[in-house]
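Secondary and tertiary structure notes
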Amino acid sequence: MATEIQSGKVHVQTTINGESVDFLAEPRESLLEVLRDNLGLTGAKEGCNNGNCGACNVVMDGVLVNSCCVLSVEAAGASIETIEGVASPEGLHPLQQSFLENAALQCGVCTPGFIVAAKALLEENPNPTEYEVRWWLAGNLCRCTGYDKIVRAVLDAAERMRAEA
Amino acid sequence: MRAIQYAAPSTVEDAVAILAEHGSDARMLAGGTDLIVQVREDARDTGVFVDAKKIPELMDLSVNADGSTTLGAAVPCHQLYNNAQFAASYPAVVDAARIIGSTGIQGRASVGGNLCNSGPAGDTIPPLIVHSAVCNIAGPDGERTVAVEDFCTAPGRNVLADGELLVSLTLPKPPAGSGSHYLRFIPRNEMDIAVVGAGASLVLDGESITAARISLGAVAPTPLFVQAAGDALIGLTANEDSFAVAADIARDAASPIDDMRGTIAHRKQLSYVLTQRALRGARARAQGGSPTNGH
Amino acid sequence: MATVHIPTPMREATDGAARVEIEGATVREVVERLEASFPGLGGRLVEDGQIRPGLSAFVDGANVGRRLRTKLQPESELFFVEALGGG
Amino acid sequence: MAVDTRVGQTIKHHDEEYKVIGTRPIRHDGLEKVTGEARYGSDINLPGQLHGKVLRSPHAHARIVSIDTSGAEALDGVRAVITSAAFPDPGDKLTGGGEAPGLPLKFKSANMLARGKVHYHGHAIAAVAAANPHVAAEALKLIDVEYEVLDPVLEVWDAMKPDAPVIIEDLYTAKADGTTAEEASNVAAEMLYEVGDVDAGFAEADLVVDREFTFGVVHQGYIETHNATAHWLKDGHLHVWCSSQGAFTIRQELADLLDHPITKIHVVPMEIGGGFGGKTTAYLEPLAALLSRQTGHPVKMAMDRADVLKATGPTPGGYVRVKLGVTNDGMITAGYANLAFDAGGYPGSVVGAGCRCVFAPYNMPNAKVEGFDVVVNKPKTHAYRAPGATHAEFASETVVDEICRTLDIDPVEFRLKNSAKEGDWQLAMPPYPRIGHIECMEAARDSAQWQTPLETAPGKKRGRGIASGFWFNIGFTSSVTAKLNSDGSVTLLEGSTDIGGTRTSIAMQFAETLGISVEDVDPIVADTDSVGQTDVTGGSRVTFATGLAAHNAANDMKDQIVEGLADLWDVAADSITHADGTFSANGNSATVGEAAGLLEEEGVFPIGKNTVTPTREGGAFAVHIADVEVDDETGKVEVLRYTAVQDAGVAIYPPYVEGQMQGGVVQGVGWALNEEYVYDDDGHLLNASLLDYRMPTALDVPNIETIIVEVPNPGHPYGVRGVGEVPIVPPPAAMANAIHDATGVRMSHLPMSPARVQAALAAEA
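Residues numbered from 1 in each chain as written. Chains lettered and ligands numbered in written order. Predicted model: local features only at pLDDT ≥ 70, side-chain atom pairs only at ≥ 80, totals over all residues. Heavy atoms only, no water.

1. Quick word on the overall build of chain C
Note the threshold: Secondary structure elements follow DSSP: runs of H or I no shorter than four residues count as helices, runs of E no shorter than two count as strands, and numbering proceeds from the N terminus. In this setup the radius of gyration rests on C-alpha atoms only. A globule is expected at 2.2 Å times the number of residues raised to 0.38. Under the scheme applied here, a residue whose accessible area is under 20% of the maximum for its type counts as buried, over 50% as exposed, and between as partly exposed, the area being computed with a 1.4 Å probe on protein chains only. We call two residues in contact whenever any of their non-hydrogen atoms come within 4.5 Å of each other. Accessible surface area values rest on a Shrake-Rupley calculation with a 1.4 Å probe, where residue burial reflects the displayed protein chains alone.
When helices and strands are tallied, chain C shows two helices and seven strands. Secondary structure elements of chain C, listed N to C terminal, follow the sequence β-β-α-α-β-β-β-β-β. Here the C-alpha radius of gyration of chain C, 12 Å, is about what a compact globule of 87 residues would show, namely 12 Å. Looking at chain C residue by residue over its 87 residues, the buried ones come to 52%. Of all intrachain contacts in chain C linking residues separated by at least 6 positions in sequence, the fraction that spans at least 24 positions is 42%. A total accessible area of about 4,100 Å² is found for chain C, and carbon and sulfur atoms account for 46% of it.

2. A look at a negative patch on the surface
All names here are of chain D. Short version of the rule: Exposure above 30% relative accessible area and the absence of a salt bridge qualify a residue for a patch, where like charges join within 9 Å and nonpolar side chains (Val, Leu, Ile, Met, Phe, Trp, Tyr) within 5 Å. Every case where a carboxyl oxygen of Asp or Glu lies within 4 Å of a side-chain nitrogen of Lys or Arg is listed as a salt bridge. As used throughout, the charge tally considers Lys and Arg to be positive and Asp and Glu to be negative, leaving His and the chain termini uncounted. By convention, charge coordinates are those of NZ in Lys, CZ in Arg, CG in Asp, or CD in Glu.
A cluster of acidic residues, Asp559, Glu563, Asp567, Asp570, Glu600, Glu601 and Glu602, forms a negative patch on the protein surface. Broken down by secondary-structure element, the contributors of at least two residues to the negative patch are α16 (542–569) and α17 (592–601). Of the residues forming the negative patch, the biggest block, three residues, is contributed by α16.

3. Considering the interface of chain B and chain D
Buried accessible area, meaning the area lost when the parts come together, often serves as the stated size of an interface. Put simply, the rule reads: What counts as buried area is the accessible surface, traced by a 1.4 Å probe, that two parts surrender upon association, with contributions from both included. Here a polar contact means two N or O atoms within 3.5 Å. Within protein one must be a hydrogen donor candidate and the other an acceptor candidate, and residues neighboring in sequence count only if both atoms are side-chain atoms. Note on residue classes: Ala, Val, Leu, Ile, Met, Phe, Trp, Tyr, Cys and Pro are nonpolar, Asp, Glu, Lys and Arg are charged, and everything else, Gly too, is polar.
In this complex, chain B contributes 22 residues to the contact, which on the side of chain D involves 23 residues. Taking both sides of the interface into account, the surface hidden between chain B and chain D amounts to around 2,100 Å²; carbon and sulfur atoms contribute 49%. Linking chain B with chain D are five salt bridges, by the criterion used here. For Arg277 of chain B, the salt bridge is made with Glu633 of chain D, and the minimal N-O distance between the two is 2.7 Å. Summed over the shared surface of chain B and chain D, the number is 18 residue pairs in polar contact (both at pLDDT 80 or more). Of the residues forming the side of chain B that touches chain D, the biggest block, six residues, is contributed by helix α11 (residues 264–286) of chain B. Broken down by class, the residue content of the side of chain B that touches chain D amounts to 10 nonpolar, five polar and seven charged.

4. Quick notes on the domain arrangement of chain B
All names here are of chain B. Operational definition: Start and end points for every domain follow an automatic or database-based domain assignment.
What the domain assignment lists for chain B is domain 1 (5–171) and domain 2 (178–286). Taking the mean C-alpha position of each, domain 1 and domain 2 sit 24 Å from one another. Contact with domain 1, which involves 26 residues of that partner, is made by 23 residues of domain 2. For the pair domain 1 and domain 2, the two sides together bury roughly 1,900 Å², of which 61% comes from carbon and sulfur.

5. So, the nonpolar core
Worth spelling out the cut-off: Put simply, buried Ala, Val, Leu, Ile, Met, Phe, Trp, Tyr and Cys residues joined by side-chain atoms within 4.5 Å make one nonpolar core.
Formed by 237 residues in total, the largest nonpolar core has its most connected members in Phe99 of chain A together with Phe510, Ile561, Met735 and Met752 of chain D. Leave out the neighbours within four places in its chain, and Phe510 of chain D touches Ala482, Val490, Leu492, Ile516, Val521, Ala550, Ala553, Ala554 and Met557 of chain D. Cys77, Ala97, Leu128 and Leu165 of chain B belong to the second largest nonpolar core, which has 47 residues in total.

6. Side note on the packing of helix α11 (residues 389–407) of chain D against helix α12 (residues 411–418) of chain D
Relative placement of two packed helices is described by the angle separating their axes and the distance separating the axes. All names here are of chain D. The test is simple: Every axis in this analysis is a line fitted to C-alpha atoms, fitted for helices over the stretch in contact. Angles between the N-to-C directions lie between 0 and 180 degrees. Roughly parallel covers angles under 35 degrees, roughly antiparallel covers those over 145, roughly perpendicular covers 65 to 115, and oblique covers all other angles. Here a crossing is taken to be left-handed if its near helix is turned anticlockwise relative to the far helix by less than a right angle, and right-handed if that turn runs clockwise.
Between α11 and α12, the least distance of the axes is 9 Å, while the angle of their chain directions is 115°. By the angle between their axes, α11 is roughly perpendicular relative to α12. The handedness of the crossing between α11 and α12 is right-handed. Residues Glu397, Val400, Asp401, Ile403 and Cys404 of α11 lie in contact with α12, whose contacting residues are Pro411, Phe414 and Arg415.

7. Concerning the packing of aromatic side chains
The geometry of two aromatic rings is summed up by the distance between their centres and the angle between their planes. All names here are of chain D. Heads up, the rule is: Aromatic rings from Phe, Tyr and Trp, with only the six-membered ring used for Trp, were paired whenever their centres fell within 6.5 Å, and each pair was classed as stacked if the ring planes differed by under 30 degrees, edge-to-face if by over 60, and tilted otherwise.
For the coordinates displayed, the defined rule picks out 17 aromatic pairs over all chains. Measuring from centroid to centroid gives 5.2 Å for Phe470 and Phe472, while their planes differ by 80°, and the two rings are edge-to-face. We classify Phe470 as buried; its relative accessible area is 2%. On the accessibility criterion, Phe472 (7% relative accessible area) is buried. Taking the centre distance of 5.5 Å and the plane angle of 75° together, the rings of Trp471 and Phe472 count as edge-to-face.

8. Brief notes about the interface of chain A and chain D
Each partner contributes residues to the interface: chain A has 53 residues there, and chain D has 64 residues. For the pair chain A and chain D, the summed buried surface comes to about 4,600 Å²; carbon and sulfur atoms form 55% of the total. On the chain A side of the interface with chain D, the three residues burying the most area are Gln106, Arg143 and Arg152 of chain A, jointly 19% of the side's total. Our count for the chain A to chain D interface comes out at 25 residue pairs in polar contact (both at pLDDT 80 or more).

9. Points about the sheet that holds strand β23 (residues 577–579) of chain D
For sheets, the rule is that strands pair by backbone hydrogen bonds, running either parallel or antiparallel. Residue and element names in this part refer to chain D. To keep it simple, the criterion reads: Strands were regarded as paired on the criterion that DSSP finds at least two bridges between them.
In spatial order, the strands read β23-β24-β25; together these three strands make up an open sheet with antiparallel pairing. The strands lining the two open edges of the sheet, one partner per strand, are β23 and β25 (588–591). Direction aside, neighbouring strands of the sheet carry axes that sit 20° apart on average. Pairing analysis gives three bridges linking β23 to strand β24 (residues 582–585), with the strands arranged antiparallel. Opposite Ala579, over in β24, you have Thr582 as the bridge partner. Running at roughly 40° to β24, α16 makes contact with β23, β24 and β25 of the sheet.

10. Focus on the sheet that holds strand β4 (residues 78–82) of chain D
All names here are of chain D. Across the sheet, seven strands lie side by side as β4-β6-β2-β15-β12-β13-β14; this open sheet has mixed pairing. If you trace the sheet from one side to the other, it starts and ends with β4 and β14 (265–269), each paired once. Within this sheet the neighbouring strands show an average axis-to-axis angle of 20°, counted without direction. Taken together, the six bridges between strand β2 (residues 50–56) and strand β6 (residues 124–130) define a ladder with antiparallel strand orientation. When the bridges of β6 are listed, Arg56 appears paired with Ala124.

11. Examining the pairing of strand β2 (residues 26–29) of chain B
If a strand is regular, its side chains alternate between the two faces of the sheet. Note: β2 of chain B against strand β3 (residues 48–51) of chain B, four bridges, orientation parallel. Following the sheet pairing, Met28 of chain B is matched in β3 of chain B by Val50 of chain B.

12. Digging into the pattern of salt bridges
Residue and element names in this part refer to chain D. Counted according to the given criterion, the structure contains 68 salt bridges over all chains. Residue Lys93 is joined to Asp259 by a salt bridge in which the shortest nitrogen-to-oxygen separation is 3.8 Å. One end of the pair, Lys93, is in the loop between β4 and α3 (105–112); the other, Asp259, is in the loop between α7 (247–258) and β14, with 166 residues separating them in the sequence. Since its relative accessible area comes to 38%, Lys93 is described here as partly exposed. One salt-bridge network, in which partners are shared between bridges, spans Arg27, Asp29, Lys33, Glu271, Asp498 and Arg503.

13. Digging into α7 of chain D
Residues and elements named next belong to chain D. Test applied: Take the number of residues in a helix, subtract one, and multiply by 1.5 Å to get its expected span.
Its 12 residues give α7 an end-to-end C-alpha distance of 16 Å, which sits within 8% of 16 Å, the value for a rise of 1.5 Å per residue. For α7, every residue scored as buried is listed here: Ala247, Phe248, Thr249, Ile250, Arg251, Glu253, Leu254, Ala255, Asp256, Leu257 and Leu258. For α7, the elements touching its buried residues are α3, β12 (227–232), β13 (238–242), β14 and α8 (285–295). Asp259 sits one or two residues past α7 and shows a positive phi near 50°.

14. Here's the deal with the arrangement of the chains
Contact analysis covers four pairs of chains in contact, and the most contacts occur between chains A and D. A gap remains between chain A and chain C, with no contact made and the closest C-alpha atoms lying 13 Å from each other. Structurally, chain B and chain C remain out of contact, their C-alpha atoms never closer than 26 Å.

15. Observations concerning the environment of Ala444 of chain D
Residues and elements named next belong to chain D. Mapped onto the elements, Ala444 comes out in helix α13 (residues 437–445). A sequence separation of 130 residues divides Ala444 from Asp574, and the C-alpha atoms of the two residues are 48 Å apart. Look past the residues within four positions of Ala444 in its chain and what remains in contact with it is Trp450, Ile466, Val623, Ile625 and Val645.

16. A short note on the environment of Lys264 of chain D
Residues and elements named next belong to chain D. Take Lys264: it is sitting in the loop between α7 and β14. The sequence separation of Lys264 and Asp529 amounts to 265 residues, and the corresponding C-alpha distance is 9.9 Å. Ignoring sequence-local partners within four residues, the contact set of Lys264 consists of Asp235, Gly236, His237 and Leu238.

Following this line, the structure appears as structure tokens:
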């Protein structure tokens, strides 16, 4: 059974924030490009396009990834969660609320990546230490805040989420 | 990025067939954290991306009947530190898996990919070397094995011929009384390329060293297996004096260059310091503890 | 009389004087009279009837930029300083 | 363990009590930013849009012999290719507006697309518009440029040598005395500032310390890369959506560079993902505009990270010498400094500001400072947070520390004793108005960190350092238009791009003045057609100047409400009082909301507006304390603890004042330890990526403790001083002084990278 070699525009079926999504993309287009330019999901940002800033973080099949380092065609059959899926119709996620209340953003361009990454952390480790938060988020560069309020916001959200759990 | 083709074979045979057909224009795509970026930035010219992640053998992580472990070439780093058995057996490899890129990178990047990228500073390579890992390679002419220390041939190059792929690594069962550690020096605390990396494994009988392997990264065109440094420790007591002997040999073996990430003088000094620290960490683990220095 | 502080490098034109007293109800009048009293000096501070681009006038501690119409008090102190930007 | 929800400490030196100012509301734009809905420049996608990319020079210094674009033009999907020939001839015109008006326009134009000569690695050569970004990138490879490669000049000390290759053949030094040099050189400008008699001052000194320092080039490092989308309509109207610190500045630059009427240029400020001074000028906007004019389609352009590092405006590297004289009892008698900064490929570095900040924290009776603006083969440098001050005060605050060590004087005592205060002379400036250096120094002395002895650990080299910093802050022009809605809420249009929460700090001042809640104000960053002239978001001016415009606009609105109510209540306007948001007269009373309803019935909708160019900016001081641990085997420096003290005048929106302080500290720590441009001998930038440029991560810094000191600025109704810039000034010096305390080694180059620290330790040993 020979494997098909895909080129040109490829039809990809995937799941994004729980919804089934189809798109056409060239294999050279990254998942980030497709999210932003084909699907209008512009919450993930391009800060470096080589995996060094975390602004494009999404969760793919339950694992935090940099969507700039994923080919669009690799999304076939995957389940992807983006910043647009973090809040529910009922309201903000505790992390989003905590970022607001702790003033944990300035320009805001790194914020979606931080929230997606922090959510992945708290799902794996609901009670992280400050060091564990800083370690997990080391791949998310923020140039405005000095990280202090971001780290506080994540610890604060973790505490609220544990209290609600 | 140049236009590319993409294939996601489900068997090693199919992958070999595609690689053989496209020769040097094709490469295996594991986590893609090096390959995608390199092609995007014109640092590598690859036209056919062959996705490794649908091939069961490349995603395998299991313990064999002889106690050795098979690590599929595309198994992402995050699976290693979340696997208690693997982490207990091959701590130096896990040390490396935990510090490659970010959490997001570790969600995709694989040890096999790191090895095939064959960078002199590849963090997982010294740990594989000190664990005596062996590469299982498949190709048009069948299968072959190569010791990890013989795998890389130059910066970005390795022994894989056109049509060949790295299927998995075999890591021998660590003997009783053994411990390993890998650490690197970087100017930041994360998200950096090793200025120097050092891996060490020790097998202790009481305080006495019965086997030792030391490997350095980023001090030569390929990750360096400093066999003489390990050999010099055999029969010695696992103490600071002995470690200093090995560290001296390691420093002498290092032949680094000046580049944007470090200077020759600094790398020489770091070769010494990191060898000592890797040995201390390996000793701590051999004695049931954990390393106290370095990330 | 307004007091005009002369930047060190331009004191050649004022025979070394660090401060000169000039009559004037506005910055423009002072600058014009400065030019008349110390030929050449005005030209370094003023160009085409404007304060030279890149300079700001300070009147009694207030940064009035290049506003030549700024009114002066009899005891006003006048400085000319390179304008600053910021990050 | 409970989460530490500690907020920073505030020390007030005034008695004002406010209702809105000083509170911690949720910022108005916060929701969109935590959900990913906020629209940044690159989030734009217009119908029919094309994508532009820029070809950049692989050489640092070269003559362009020829450019052949035919190969690119022939590629399927390519719609236009432009070179510098697409720009009008700038002639001898000077630039208008912006942060540095009055520079030759030809330099700015040539920096957009190289004109005959390449001045740095990454210099833009040509631009392409194509159906998608990948085709555009492919097309760049098909443009054939023939270069005559020239020797590059990379460092100021080389560029100033008499036999150095001259980069700009018709550049004649603008001398400090206002004259112009007769021979061309790389020195674009010389400056001289003097107060007192410096020779006499040094003669009085018991101790003179004279040291030299050098600096690598650093980048602002904003996470959002530059982007611009332009649509040139057939009638000449040009619409531009961009990420800039100033929409009006971009409009002015487009008018200058394209020789196009301002009335036809419409610039929409998108949300901006950081700037720090690096987004105060145009790079892509004119190219997108020209490509759009040529194709008739909207053209979107975005830099990749390598482009940003190679070809935008980092802040200079260079040289600073500082010489200080003191008496044995620790009084400064004289200071001399000499600063030479990289302008980059075209004139105009921030050396002047550096010259005027170098001794700013001190009452210096005798001082002389010389500055040199030097052209080198690197990108045209720009402002970065308190531009020039960090270099200058790294040098002077390191020398001050050395003096304190030598004389065995406590560094806080020394600084208090010599501190500048109200009425003291500033170098080449009017005397200081009310300033807060002493108050900051006292707060630092009394801080938890300074009062807690440094914890020692066996075998660990630990040290503590302290340093002061000063930045002027600037005024410029700001406008606000506020519309009272019938429910009493206010739609507030302002022209200042919001980088760090200023929509809210402006709205808070408006709310305070009108007597309504900040939640009833809806602040909107408006485009250049919709609000009055507003200069760049920079120089720590927005909360100060645009906040003042908001205060004035609120008063304007208040007057209109009073007028309307006077009519309605049939009373004299001056009989109506306004307190706590309620208007009262003659037994009648109405809150703002009630008044709005009453006026609506009369068909009256007040619009408060104001344009202001404030004149008393109020400079800001900061004092920082750093505790570090130095690994003496590797040279690596860890920050253990850090306290930042700063005079904010009055902190309008304290969480974001703290955020500015913390962010500035971390940028300063990055500059202190690792950040720098690495060049090879041919002038190629080697580390143009976020991997190798090495900005601090969350794991590289501790929490940053903040102490806001409030010494109100007499030049603002609420006492505001700018807060954004000065926090980057003290960190490198505080870190260097801490490294010395830990190891006995004095570092004289930024960054103090592990290799350099280790080499210095080895040399000392």
